[in-house]
Amino acid sequence: VKYLVSPMLHDVFTATESQQQTASFLFLIIYAFARLFIGLVDKWINPIWSFRVVQLISVPAYIVCGILAMHGTSATAMWGFVACQCVIGFCLGAIKVIFFLILFEFYGPINFGEAAIVTLSCAGLAGFLGPVVGWWTLSGHGQPAVPNAIEPNPNYQHDLGKWVANYNYISAGVQALGCLLSFLLFPIDFKNYA
């Protein structure tokens with residue numbers, strides 16, 4: 001998500017370079033603040049419930065981003081999109097810390113290493129699928145002209161709003177699914193499965 005804020009603003013809202021840089025900065029500083037903040041308050045939160053709440057907060061933010069990408073054409077809509085992306089950035093930064101708190105709480109210090117390996121393998125898969133879906137989103141408009149053709153491509157779309165909206169709706173669904181699946185987590189001792 002953090003790498004797509006700028007291209008989405010450019011392709012959907014025709015944002016200037018300065019606007020894109022401002023949006024990227026806001027996203028990244030809020031993402032970093034969330035990681036710091038959750039690390040500072042980790043002793044006073046319940047990790048599993050914090051994880052669920054943060055995921056549920058991100059769902060409407062993704063949906064609003066999708067709506068704004070489809071129907072927003074004004075500067076207000078663009079900055080609303082940026083604000084929602086910043087909420088998403090906070091949630092993603094918080095989740096990155098909270099999930100390791102969950103692993104420590106559920107699996108203890110002895111099993112933490114094995115639990116982290118499994119978790120990071122899943123994060124690696126997400127790290128692969130996310131950019132692929134992001135590329136699909138930003139290349140969904142096709143080519144402006146077919147090579148060696150006299151007329152422009154009739155399938156070319158100048159506006160990527162629909163594609164960016166789909167990306168955000170998919171992201172909302174993934175976050176909601178992650179929240180639901182968190183109810184299936186239970187402590188195990190990895191020694192019993194070695």
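Quick caveat, the model's predicted, so the values are computed rather than measured.

**Q** Could you give me a rundown of the overall build of the chain, with the residues and numbers involved?
**A** Broken down by element type, the chain carries five helices and zero strands. Along the chain, helices (α) and strands (β) appear in the sequence α-α-α-α-α when read from the amino end. Going through the 194 residues of the chain one by one, you find that 38% of them count as buried. Accessible surface, the chain as shown: approximately 11200 Å² in total, 70% of it carbon and sulfur.

**Q** Can you break down the packing of helix α1 (residues 5-13) against helix α2 (residues 17-41) residue by residue, with the values?
**A** Close contact between α1 and α2 brings their axes to 8 Å; oriented N to C, the two are set at 145°. Where α1 crosses over α2, the handedness of that crossing is right-handed. For the pair α1 and α2, contact is made by Val5, Ser6, Leu9 and His10 and by Gln19, Gln20, Ala23, Ser24 and Phe27, respectively. Among the residues forming the contact of α1 with α2, the class breakdown is four nonpolar, five polar and no charged.

**Q** Outline α1, supporting the account with residue identities and numerical values.
**A** Within α1, burial applies to Val5, Ser6, Met8, Leu9, Val12 and Phe13. Buried residues in α1, looked at end-on, bunch into an arc of 165°, giving them a common side. Looking at the packing, one finds that the buried side of α1 touches α2, α3 (47-71), α4 (75-138) and α5 (161-181). Downstream of α1 by a residue or two, Thr14 has a phi angle that is positive, lying close to 45°.

**Q** Can you explain the nonpolar core? Please cite residues and give values.
**A** Met8, Leu9, Phe13, Phe81 and Val164 are the most contacted members of the largest nonpolar core, which has 30 residues in total. If you list the elements that add at least two residues to this core, you get α1, α2, α3, α4 and α5. Sort the elements by how many residues they give to this core and α4 lands first, with eight residues. Non-local contacts of Leu9, meaning those with residues more than four positions away in its chain, are made with Thr14, Ala15, Gln19, Gln20, Ala23, Met78, Phe81 and Val82. Formed by 17 residues, the second largest nonpolar core is a distinct cluster that contains Ile38, Ile48, Val54 and Ile98.

**Q** Would you mind going over α3 in detail, with residue names and values included?
**A** Relative to the 36 Å expected for 25 residues at 1.5 Å per residue, α3 spans 37 Å between its end C-alpha atoms, a close match to the ideal helical length. The N-terminus of α3 is capped by Asn46, whose side-chain oxygen sits 3.2 Å from the backbone nitrogen of Ile48.

**Q** Would you mind going over the side chain of Gln85 in detail, with residue names and values included?
**A** Mapped onto the fold, Gln85 is located in helix α4. In this structure Gln85 comes out as buried when scored by relative accessible area, which is 2%. Not counting residues up to four positions away in its chain, the partners in contact with Gln85 are Val1, Val5, Phe27, Cys65 and Asn168.

**Q** So what's going on with the environment of Arg52? Which residues, and what values?
**A** Inspection of the secondary structure puts Arg52 in helix α3. The sequence separation of Arg52 and Leu180 amounts to 128 residues, and the corresponding C-alpha distance is 8.2 Å. If sequence neighbours within four positions are ignored, Arg52 has contacts with Cys179, Ser182 and Phe183.

**Q** Before we move on, could you go through a nonpolar patch on the surface and cite the residues and values that matter?
**A** Taken together, the side chains of Ile63, Ile67, Met70 and Tyr169 make up a nonpolar region of the molecular surface, amounting to roughly 320 Å² of accessible area. Sorting elements by how many residues they give to the nonpolar patch places α3 first, with three residues. Inspection of the secondary structure assignment puts Ile67 in helix α3.

**Q** Which residues make up the environment of Val1, and what are the values?
**A** Looking at where Val1 falls in the secondary structure, it is placed in the segment before α1. Val1 sits in the partly exposed class, given a relative accessible area of 26%. Along the primary structure Val1 and Gly134 are separated by 133 residues, whereas in three dimensions their C-alpha atoms are 8.1 Å apart. The contacts of Val1, once residues within four sequence positions are left out, are Phe27, Tyr62, Gln85, Ile88, Leu92 and Tyr167.

What counts, and where the lines are drawn
- Residues numbered from 1 in each chain as written.
- Predicted model: local features only at pLDDT ≥ 70, side-chain atom pairs only at ≥ 80, totals over all residues.
- Heavy atoms only, no water.
- Helix = DSSP H or I, 4+ residues; strand = E, 2+ residues; numbered from the N terminus.
- Buried < 20%, exposed > 50% of the residue type's maximum accessible area, 1.4 Å probe, protein only.
- Areas by Shrake-Rupley, 256 points an atom, 1.4 Å probe, with all protein chains shown as cover.
- Axes fitted to C-alpha atoms, helices over the stretch in contact; angles between N-to-C directions.
- Left-handed = near helix turned anticlockwise from the far one by under 90°.
- Contact = heavy atoms within 4.5 Å.
- Nonpolar A, V, L, I, M, F, W, Y, C, P; charged D, E, K, R; others polar.
- Arc of directions from axis to C-beta.
- Core = buried A, V, L, I, M, F, W, Y, C linked by side-chain atoms within 4.5 Å.
- Expected span 1.5 Å × (residues − 1).
- Polar contact = N/O pair within 3.5 Å; in protein donor to acceptor, adjacent residues only side chain to side chain.
- Patch = residues over 30% accessible without salt bridge, like charges linked within 9 Å, V, L, I, M, F, W, Y side chains within 5 Å.
- Salt bridge = Lys/Arg side-chain N within 4 Å of Asp/Glu carboxyl O.

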